Each structure stands twice: as C-alpha cells, then as structure tokens.
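# Structural features, examined
One-letter residues, chain by chain:
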Amino acid sequence: MKRILEKHFGKAWMALVYLFLYLPLFFMIVFSFNSTRQDANFTGFSLRWYEALTRDTKIVEGFWLSVKVAAVTGVLSAVLGTFAAFVLVRYRQFLGRTIFSGMVNAPLVMPEVVIGLSLLLLMVGAQNVFGWPERGMLTIILGHTLLGMAYGMVVIQSRLMEMDRRIEEAAMDLGARPHQVFFLITLPNIFQGILAAFLLSFTLSFDDVVISEFLSGPGVSTLPQVIFGYARRGINPTIYAAATLLITTVTIVIIGYSVWVARQTRKREREIQAATRAELSALSAR
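For every chain, the first residue of its written sequence is number 1, and the numbers climb from 1 along that sequence. With the structure being a predicted model, the display of local features is reserved for residues of pLDDT at least 70 and the display and counting of side-chain atom pairs for 80 or more, all residues being used for whole-chain, interface and lining totals. Think of the side-chain values as coming from all heavy atoms in the structure, minus any hydrogens and water.

Quick reminder of the rule: UniProt positions are given in the numbering used here, feature names are shortened, and annotations may be inferred rather than shown by experiment.
The protein chain goes by Inner membrane ABC transporter permease protein YdcV in an unreviewed UniProt entry, where it is assigned to Hydrogenophaga pseudoflava. Its UniProt record gives the protein chain the following Sequence similarities (unreviewed entry) comment, quoted word for word: "Belongs to the binding-protein-dependent transport system permease family. CysTW subfamily."

This is the structure in structure tokens:
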C-alpha cells in the first residue's frame with residue numbers, strides 16, 4: 001500500500017493542481033456559449049455573446065490598443081533586454097556593474113503598485129515641466145517596457161550563458177570585428193531567447209492592469225482595464241467570450257512557438273552532427 005501511494009501520490013497531486021488551475025477556465029469557456037446571462041445554469045448553446053462582442057466598441061478598441069501597446073513593448077523589451085543581458089554576461093568587470101544589475105533586476109521584485117505610482121509621479125512631473133508626455137498610449141508603453149525589459153533580460157541572459165564562447169572567439173581569430181561577431185554570430189545563436197523574451201513581454205504587457213491604470217489617460221483603456229471595469233459592475237458574458245478568444249489565440253501561439261523551437265533544435269543538432277562528421281573525415285584523410 002505504501003509503495004502504491006509513493007508511486008501515484010505525485011501524479012495525483014499534479015492532477016489536482018492542474019484541475020485547480022484550469023477547471024475555472026473550462027467553465028468560463030463553456031458559459032461563453034450560454035444562451036442567457038445566468039452563470040449558474042447552462043440553459044443552451046448560443047453564439048449571442050460573440051455577436052455582442054463584435055458590437056461592443058469599448059472591448060474592440062481596448063483590444064486593438066492592447067495589441068499595439070504589447071507589440072511595441074515586446075520589441076523594446078527584447079532589444080533593451082538583449083543589450084542589458086549582453087553587458088552583464090560578457091563584461092564581468094566595469095564601473096557601476098552592481099548598481100546597473102540591481103536597477104535592471106529591481107522591477108522583478110518591486111510590487112507593480114509601487115512601479116505604477118512612481119511612474120505616474122514621474123510622468124506628471126515631466127508634463128508639468130516640459131508639457132510632455134501626456135498620459136495615454138505612450139506612457140503605458142514606457143511603463144510596460146520597464147517591466148518587460150527586466151523579464152526579457154533574464155530569459156536572454158540564461159541563453160547567453162549557455163552559448164559556447166569559443167564560437168565568438170573563433171570568429172574574432174578569423175578577423176571579424178566585435179560588431180560583426182555580435183550581429184553575425186551572437187544574435188543568431190540567441191535568437192530563440194530573444195523571441196521568447198518578446199513573447200513573454202508581449203504577454204505581460206497585454207495582461208497588465210495595475211500599471212495601465214496608473215498611466216492611462218482619459219478615453220484610453222486597454223482590454224484588461226475594460227474587462228476589469230465590466231467585472232466590477234456585474235456579470236457580463238461578453239467578457240467570457242473575449243477571454244475565450246484570447247485563450248484560444250494564446251494556445252495557438254504557444255503551440256506554434258513550441259513546434260518551431262523543436263524544429264530549430266533538431267535542425268541545429270543535424271548541423272552539428274554533419275560538421276562533426278566532416279571534421280572527422282578531414283582528420284582521417286590527413
């Protein structure tokens with residue numbers, strides 16, 4: 001009996017964890033097709049809430065604003081995170097390294113309420129002094145980039161630490177300049193990490209409510225803000241429909257990214273094996 005418990009306890013516990021995490025999502029998806037507003041009884045299958053979703057201008061406008069903000073945030077976070085990770089990994093000793101590392105990593109442990117409030121004070125102060133920027137899409141992007149860059153840097157930093165430095169050293173021995181090594185050797189080898197950082201920053205930005213609440217202006221609301229506002233006023237199955245579409249989109253993107261990474265990994269392994277065989281053949285010929 002003890003062996004059976006030891007053998008199946010971990011699987012049973014993991015199953016309970018997955019049920020706790022994903023069962024609410026399953027019920028939300030089911031009730032997005034409910035024919036009435038009731039959230040306790042499924043009265044019949046209907047697409048009325050998806051039709052209502054297309055007519056809800058707040059949700060549609062919030063969705064496109066969230067996509068724009070998340071896309072720009074993802075690009076900026078990936079670029080800035082790449083340079084920050086490269087500096088921390090490749091340059092072990094330079095003046096102010098400890099301070100720089102602490103500042104880059106600070107958003108990871110700082111509560112979003114504190115980040116949002118401090119950025120709000122900064123933006124208000126800058127607007128009073130310079131008359132710019134006004135609270136809106138730009139300020140939301142700046143706030144999300146601060147958070148996304150920190151997460152992106154961690155992802156890219158781990159990929160850089162795994163990379164074989166001998167490849168870069170061989171390129172420099174063959175006469176490549178430092179910038180050529182970075183763009184032709186380093187970037188292609190860490191591209192998967194950069195793409196993962198972009199997707200992570202995109203998701204964090206698209207999902208963020210707290211920082212957006214502090215930095216958004218009048219008439220500017222992202223999709224999470226709109227959904228949160230609807231949720232506070234009561235049950236609205238239109239929210240279920242919007243969330244179901246988001247879950248479906250994210251699932252498709254994750255599956256596509258996983259397939260692409262698996263194919264790239266197999267391709268790299270085949271190239272390494274081919275190069276190894278060619279090198280062995282050359283050595284045996286000598």
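Alright, that's what it looks like, and here's the rest.
### Topic: the overall build of the protein chain
To be explicit about the condition: Secondary structure is summarised from DSSP: a helix means a run of H or I of at least four residues, a strand means a run of E of at least two, and numbering begins at the N terminus for each. Taken over C-alpha atoms, the radius of gyration is set against a globule rule of 2.2 Å times the number of residues to the power 0.38. Categorising residues by exposure relies on relative accessible area from a 1.4 Å probe, with only protein chains included: less than 20% of the type maximum marks a residue as buried, more than 50% marks it as exposed, and the intermediate range marks it as partly exposed. Residue contacts follow a heavy-atom distance rule, with two residues in contact if any of their heavy atoms lie within 4.5 Å. Computed with a 1.4 Å probe, the accessible areas rest on the Shrake-Rupley method; for each residue, only the protein chains presented here act as cover. The charge count treats Lys and Arg as positive and Asp and Glu as negative. His and the chain ends do not count. For charged residues, the charge sits on one atom: NZ in Lys, CZ in Arg, CG in Asp, CD in Glu.
Regarding its fold elements, the protein chain presents twelve helices and zero strands. Relative to the globule expectation of 19 Å for 286 residues, the C-alpha radius of gyration of the protein chain, 24 Å, shows a markedly less compact shape. Seen through its principal axes, the protein chain has C-alpha atoms that stretch 80 × 70 × 40 Å. The burial tally for the protein chain puts 33% of its 286 residues in the buried class. At a minimum sequence separation of 6, the contacts of the protein chain that also span at least 24 residues come to 71%. Taken as a whole, the protein chain presents about 18400 Å² of accessible surface, with 68% of it coming from carbon and sulfur. Side-chain charges in the protein chain split into 26 positive and 18 negative, and the spacing between the mean points of these groups amounts to 5 Å.

### Observations regarding the UniProt feature "transmembrane region" (unreviewed entry) in the protein chain
Following the UniProt record, one finds the feature "transmembrane region" (unreviewed entry) at residues 12–33, 63–89, 109–130, 136–156, 181–206 and 239–260. Overall, residues 136–156 shows 95% helix and 0% strand. The separation of its end C-alpha atoms is 30 Å. Secondary structure content for residues 181–206 is 96% helix and 0% strand, and the end C-alpha separation is 34 Å.

### Some thoughts on the side chain of Thr145
In this structure, Thr145 sits in helix α6 (residues 137–162). Residue classification places Thr145 among the buried positions, given a relative accessible area of 8%. When sequence neighbours within four positions are dropped, the list of residues in contact with Thr145 reads Thr73, Leu76, Ser77 and Leu80.

### Some remarks on helix α5 (residues 112–130)
Selection rule: Working rule for helices: expected span equals 1.5 Å times residues minus one. The arc in question is formed by the directions pointing from the helix axis toward the C-beta atoms.
In a regular helix each residue adds 1.5 Å, so 19 residues correspond to 27 Å; α5 covers 26 Å between its end C-alpha atoms and thus fits that length. Every buried residue of α5 is listed here: Ile115, Gly116, Leu119, Leu120, Met123 and Ala126. One side of α5 holds all its buried residues, which, seen down the axis, span an arc of 135 degrees. Residues of α5 that are exposed and point over 90 degrees away from its buried face: Leu121, Asn128 and Val129.

### With respect to the environment of Asn41
Mapping Asn41 onto the fold places it in the loop between α1 (2–31) and α2 (48–55). For Asn41, a relative accessible area of 44% corresponds to the partly exposed category. Setting aside chain neighbours within four positions, we find Asn41 in contact with Phe31 and Asn34.

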